[in-house]
Amino acid sequence: MLLIRHANLADGRLRQSVLVKDGRFEAVAADLVAGNDCPVLEAEGCLLTAPFVDAHFHLDAALSHGLPRVNRSGTLLEGIALWGELKPQLTQQALVERALSYCDWAVGRGLLAIRSHVDVCDERLLAVEALLHVRERVRPYLDLQLVAFPQDGLLRSPTALANLKRALDRGVDVVGGIPHFERTMADGARSIELLCELAAERGLRVDMHCDESDDPLSRHVETLAYHTQRLGLQGRVTASHLTSMHSMDNYYVSKLLPLMAEAGLQVVANPLINITLQGRHDSYPKRRGMTRVPELLAAGINVGFGHDCVLDPWYPLGSADMLEVAHMGLHVAQMTSTRGQLDCFDAVTVNNARVMGLDRYGIHPGAPADCVLLQAHDAAEAIRLRANRLWVMRRGEIIARSPVAEASLTLPGRPAAVNWSLPVR
Ligand SMILES: [Zn+2]
């Protein structure tokens, strides 16, 4: 038994008490009282949130930056070519070690659930084996969900479909795809049909890299919505990236959004990566390539934000910080309204949990006692400060701590430490 006192919650409830018992949340209320022998964690008005969730990542490539060389053009296509150069040199041990290191970073940042794509275009299925092993190793402290991802194209690579099925047989959780990388639009559409049918047969979820280009005529998401509805997969299908939607004709999008909503499609945008990889063929004005997040949300479509890449062939930065992802998403999508800021916080927590199908997620009685105490008072401040994670809890046990981030001052007539919050008015 454990009582967390004076915690602000992301939904706006202030100064709440949260009782934890046997690894679960037992009660949440303003005025819980603990027995004398019950340990108390004092939150002091800081934000207690359910853990961060990343609904789109590539754990097999993470932390491989510079191997065997860096991406000179910075484009998606050179990144894919570079990954192809690295693949034959990969070893299972190196894959496992890098993935475990990244999971350590994630825990330190309060990121306790990750959906990772894993490349299945390799006869040895080396990355699949490595990440299945990692999924079990980290299970006590991090929920890792794997997507069978045919990086070289389901139809473009002669063995991709067979390897993807083998990966699913081995226990990979979700069916992936990459229709815009097939040889033709028709092949892209055919790949979506095949993959959705496979998911329907096996009762699995779908998460495709979809329309990840600046081509306004790349319209695979329309096909994905169609097959989702045809096969009764509503609520189980995610379209990742959708960067082409940034460049699509506005009339066409006005027809597309209701079709996506009708099909119950979910969307994951990847702000850090979209803004750096897209628009590389533009001069000025330069497109920023992120999909239409506020418009998707307004249409009733669930939108999450993913990290996508950290120190890999596509992106030379990153540190498992989902608040950095939310911060970038907020700026690129101009979501500076009060509601918009909260939506961006939701996009790296509850919305991503919905994408992954984590149905016991959240701070409410009966849910697993997984949470993070942030050095911030509310969700907007957490994004603004990319707030320090004071402690991270899993099943009622604290598994990571960070010291209070503070800057001390030696200025005449000024306080001894900087206060990063808005002055009280
Ligand atoms: Zn991706």
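Residues numbered from 1 in each chain as written. Predicted model: local features only at pLDDT ≥ 70, side-chain atom pairs only at ≥ 80, totals over all residues. Heavy atoms only, no water.

*Asks:* Go over the coordination of the zinc ion with me, naming the residues and quoting the values.
*Replies:* For the zinc ion, the full set of protein donor atoms is H56 (NE2), H58 (NE2), H209 (NE2) and D308 (OD), at a range of 2.1 to 2.5 Å. Taken together, the four donor atoms surrounding the zinc ion define angles of 87 to 177° at the centre, an arrangement classified as irregular. Taken in sequence order, the residues that donate to the zinc ion follow the motif H-x1-H-x150-H-x98-D. Of this pair, H56 sits in strand β6 (residues 52–57) while H209 sits in strand β10 (residues 205–210), and the two are 153 residues apart along the sequence. (Donors = N, O, S within 2.8 Å, 3.2 Å for Na, K, Ca; no water. Tetrahedral: all angles 85-135°; square planar, octahedral: opposite > 155°, others 65-115°. Helix = DSSP H or I, 4+ residues; strand = E, 2+ residues; numbered from the N terminus.)

*Asks:* Account for the environment of R109, naming residues and giving values.
*Replies:* As for its position among the elements, R109 is in the loop between α2 (92–108) and β7 (111–119). Given the relative accessible area of 29%, R109 is considered partly exposed. Not counting the four nearest positions on each side in its chain, R109 is found in contact with F52, S319, A320, D321 and R389. Looking at R109, its side chain comes within polar contact range of the side chain of S319, at 2.9 Å. (Buried < 20%, exposed > 50% of the residue type's maximum accessible area, 1.4 Å probe, protein only. Contact = heavy atoms within 4.5 Å. Polar contact = N/O pair within 3.5 Å; in protein donor to acceptor, adjacent residues only side chain to side chain.)

*Asks:* Let's hear about the pairing of strand β1 (residues 2–9): which residues, and what values?
*Replies:* Judged by how many residues are buried, β1 sits mostly within the fold: six of eight residues are covered. In terms of strand pairing, β1 meets strand β2 (residues 16–21) through four bridges, oriented antiparallel. Note that in β2 the partner of L2 across the bridge is V20. Here β1 hands over to β2 after six residues, with G12 in that stretch at a positive phi of 105°. Here β1 pairs with strand β4 (residues 40–42) via three bridges, running parallel. Along β4, the bridge assignment pairs L3 with V40. (Pairing = 2+ DSSP bridges.)

*Asks:* Residue-level account of unusual backbone geometry, with values.
*Replies:* Here the bond from L67 into P68 is cis, since omega is -15°, no more than 30 degrees from zero. Within the secondary structure, P68 sits in the loop between β6 and α1 (76–86). Each neighbour pair has its own omega, and for Y284 with P285 the value is 0°, a cis peptide bond. Relative to the assigned elements, P285 resides in the loop between α8 (271–277) and α9 (293–298). Phi is positive for R15, which is not a glycine, with a value near 50°. With respect to the helices and strands, R15 occurs in the loop between β1 and β2. In this structure R15 comes out as partly exposed when scored by relative accessible area, which is 44%. In this structure, L63 is a non-glycine residue whose phi angle is positive, near 65°. Relative to the elements of secondary structure, L63 occurs in the loop between β6 and α1.

*Asks:* Explain the packing of aromatic side chains to me, and be specific about the residues and the numbers.
*Replies:* By the definition in use, this model includes four aromatic pairs. Taken together, a centroid distance of 6.4 Å and an interplanar angle of 45° make the contact between W83 and W314 tilted. One end of the pair, W83, is in helix α1; the other, W314, is in the loop between β13 (303–305) and α10 (322–332), with 231 residues separating them in the sequence. Among the residues examined, W83 registers a relative accessible area of 2% and is labelled buried. Judged by its relative accessible area of 9%, W314 is buried. (Phe/Tyr/Trp six-rings, centres within 6.5 Å; stacked < 30°, edge-to-face > 60°.)

*Asks:* Describe in detail the packing of α10 against helix α11 (residues 338–347), supporting the description with residues and values.
*Replies:* At a minimum axis distance of 9 Å, the contact between α10 and α11 shows a crossing angle of 140°. On the basis of their axis angle, the class for α10 and α11 is oblique. Both α10 and α11 take part in a crossing whose hand is right-handed. Mapping the contact onto sequence places L323, A326, G329 and L330 in α10 and Q341, C344 and F345 in α11. (Axes fitted to C-alpha atoms, helices over the stretch in contact; angles between N-to-C directions. Parallel < 35°, antiparallel > 145°, perpendicular 65-115°, else oblique. Left-handed = near helix turned anticlockwise from the far one by under 90°.)

*Asks:* Residues and numbers for α2, please.
*Replies:* At 3.6 residues per turn, the α-helix brings residues three or four places apart onto the same side. Relative to the 24 Å expected for 17 residues at 1.5 Å per residue, α2 spans 24 Å between its end C-alpha atoms, a close match to the ideal helical length. Buried within α2 we find L95, V96, R98, A99, L100, Y102, C103, A106 and V107. Where α2 is buried, its residues meet β6, β7, α3 (126–138), β15 (389–394) and β16 (397–401). (Expected span 1.5 Å × (residues − 1).)

*Asks:* With reference to specific residues and values, describe the sheet that holds strand β9 (residues 174–177).
*Replies:* As summarised here, the arrangement of the eight strands in space is β6-β7-β8-β9-β10-β11-β12-β13, forming an open sheet in which the pairing is parallel. The sheet terminates laterally at β6 and β13, the two strands that pair on one side only. Across this sheet, the average inter-strand angle for adjacent strands is 25°, counted without regard to direction. Across three bridges, the pairing between strand β12 (residues 266–269) and β13 is parallel. In the strand pairing of β13, V267 is matched with V303. Most of the contacts of helix α5 (residues 185–202) go to β10, to which it runs at about 160°, and overall it touches β9 and β10.

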